[in-house]
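Observations on the three-dimensional arrangement
The residues making up each chain are set out below.
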Amino acid sequence: MTSNRFFIKQSQLESSTVIIYGEEHHHLSKVARIKPGEKIWLFDEKGTNYLASVEEIRKDMTKLSILEKKNKDKLRVAITLAQSLIKSKKMELIIQKSTELGVATIIPVITERSIVNIEGKVEKKIERWKKISCEAAKQSHSLIPAILIPTLLSRLISERDEEKKILLSEHKGRYLRDLLIRSSASGFQIEEPPASVLILIGPEGGWTKEEEVDILNHGFERVSLGQQILRAETAAVCSLSIISHFWNL
């Protein structure tokens, strides 16, 4: 696929002719300098790709014709990242890298030691996170994850029903690698992956003892990334990389 990919909402695809405005139009015409007659790829929020021919470029819009539709290959495992709210720049990094790694859903979680208060700024934050994930999806040819509104930890652990639920802990726990692969006389084998997995990652200050007990009592399995104490953003990228590598390649 060409590296020139532009986002379009499914609601704009009611016919074979589509028009893009705003930032996508500006990027196409001023940054990528696409010309009429050239072909580009569009993608929507479901990950479907569309080969399109540029018919006309005006000052404020680009008109295109859809030539071909190509559905995104479905990932074997739907990964949900439940990330405790952390400082803005670090949270944005997690959103970006999670998108690149093929996460299906991102849930910001409010915990006992969350030091970030986004009260009154939720809509603005989610809009910002969605923009970051969209840009990451363009570059990585991945899906745009659903980004849910921030959720209290107590509500998250009682309501989510993913087939496999993982708690990333800095205390005791089975190594994440051992959850994904097993050794045998014939070598290493990948464990049969679940249809869906949720990984829950704590805030910069870690989990309280009460939180960790409550999480484990709701069917989560505690796992570890090793002896090092990792920053929240490092732990997120590391754990998602491991899961994606073994279960979604």
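Reading the values: rules and limits
Residues numbered from 1 in each chain as written. Predicted model: local features only at pLDDT ≥ 70, side-chain atom pairs only at ≥ 80, totals over all residues. Heavy atoms only, no water. Helix = DSSP H or I, 4+ residues; strand = E, 2+ residues; numbered from the N terminus. Buried < 20%, exposed > 50% of the residue type's maximum accessible area, 1.4 Å probe, protein only. Polar contact = N/O pair within 3.5 Å; in protein donor to acceptor, adjacent residues only side chain to side chain. Phe/Tyr/Trp six-rings, centres within 6.5 Å; stacked < 30°, edge-to-face > 60°. Lys NZ or Arg CZ within 6 Å of the ring centre and 35° of its normal. Axes fitted to C-alpha atoms, helices over the stretch in contact; angles between N-to-C directions. Left-handed = near helix turned anticlockwise from the far one by under 90°. Contact = heavy atoms within 4.5 Å. Nonpolar A, V, L, I, M, F, W, Y, C, P; charged D, E, K, R; others polar. Expected span 1.5 Å × (residues − 1). Core = buried A, V, L, I, M, F, W, Y, C linked by side-chain atoms within 4.5 Å. Arc of directions from axis to C-beta. Pairing = 2+ DSSP bridges.

**Here's the deal with the side chain of Ser-114**
Locating Ser-114 in the fold gives a position in the loop between strand 7 (105-110) and helix 3 (122-140). A relative accessible area of 19% places Ser-114 in the buried class. A polar contact is formed between the side chain of Ser-114 and the backbone nitrogen of Thr-111, at a distance of 2.8 Å.

**Re the packing of aromatic side chains**
For the coordinates displayed, the defined rule picks out 1 aromatic pair. When the centroid spacing of 5.6 Å and the interplanar angle of 65° are considered together, the rings of Phe-7 and Phe-43 count as edge-to-face. With Phe-7 in strand 1 (residues 5-7) and Phe-43 in strand 3 (residues 39-43), the pair connects residues that are 36 residues apart, well separated along the chain. Its guanidinium or amino end placed over the ring of Phe-43, Arg-5 lies 4.2 Å from that ring's centre, counting from NZ or CZ.

**A short note on the packing of helix 2 (residues 88-100) against helix 3**
Close contact between helix 2 and helix 3 brings their axes to 8 Å; oriented N to C, the two are set at 40°. The hand of the helix 2/helix 3 crossing is right-handed. Where helix 2 abuts helix 3, its residues Ser-88, Met-91, Glu-92, Ile-95, Gln-96, Thr-99 and Glu-100 lie against Lys-125, Arg-128, Trp-129, Ile-132, Ser-133, Ala-136, Ala-137, Gln-139 and Ser-140. Across the contact of helix 2 with helix 3, the residue classes break down as 6 nonpolar, 6 polar and 4 charged.

**Things to note about helix 3**
Over its 19 residues, helix 3 runs 27 Å from end to end, which matches the ideal 27 Å to within 8%, given 1.5 Å per residue. Those residues of helix 3 lying buried are Lys-125, Ile-126, Trp-129, Ile-132, Ser-133, Cys-134, Ala-136, Ala-137 and Lys-138. Phi turns positive, to about 60°, at His-141, one or two residues after helix 3.

**What about the nonpolar core?**
Within the largest apolar cluster, 30 residues are counted, with the highest numbers of intra-cluster contacts made by Trp-129, Ile-166 and Ile-243. Broken down by secondary-structure element, the contributors of at least two residues to this core are strand 6 (78-84), helix 2, helix 3, strand 10 (164-168), helix 5 (176-180), strand 14 (196-201) and helix 7 (232-247). Tallying contributions element by element places helix 7 first for this core, with 6 residues. Residue contacts for Ile-166: discarding those within four places in its chain leaves Leu-176, Leu-179, Val-197, Leu-198, Ile-199, Leu-200, Phe-220, Glu-221, Val-223 and Ile-243. Ranked by size, the runner-up nonpolar core spans 13 residues in total, among them Phe-6, Val-18, Ile-20 and Ile-34.

**Observations concerning helix 1 (residues 22-31)**
Three or more residues of helix 1 are buried, namely Glu-24, His-25, Leu-28 and Ser-29. Considered in projection along helix 1, the buried side chains sweep an arc of 110° and stay on one side of the axis. For helix 1, exposure combined with an orientation more than 90 degrees from the buried face picks out Glu-23, Lys-30 and Val-31. Lining the buried residues of helix 1 we find strand 1, strand 2 (17-20), strand 3, strand 4 (49-57), strand 5 (62-70) and helix 3. Taken from the residues just after helix 1, Arg-33 is the one with a positive phi, measuring 55°.

**Digging into the environment of Val-31**
With respect to the helices and strands, the residue Val-31 is situated in helix 1. Assessed through its relative accessible area of 51%, Val-31 is described here as exposed. Between the C-alpha atoms of Val-31 and Lys-125, which are 94 residues apart in sequence, the distance is 26 Å.

**Notes on the pairing of strand 2**
Within a regular beta strand, the side chains point alternately toward one face of the sheet and then the other, so they alternate between its two faces. The two faces of strand 2 differ: Val-18 and Ile-20 on one face are buried, but Thr-17 and Ile-19 on the other face are not. In this sheet, strand 5 lies alongside strand 2 in antiparallel orientation, the contact comprising 4 bridges. Counterpart to Thr-17 in the pairing with strand 5 is Ser-65.

In short, shape yes, function no, at least from these values alone.
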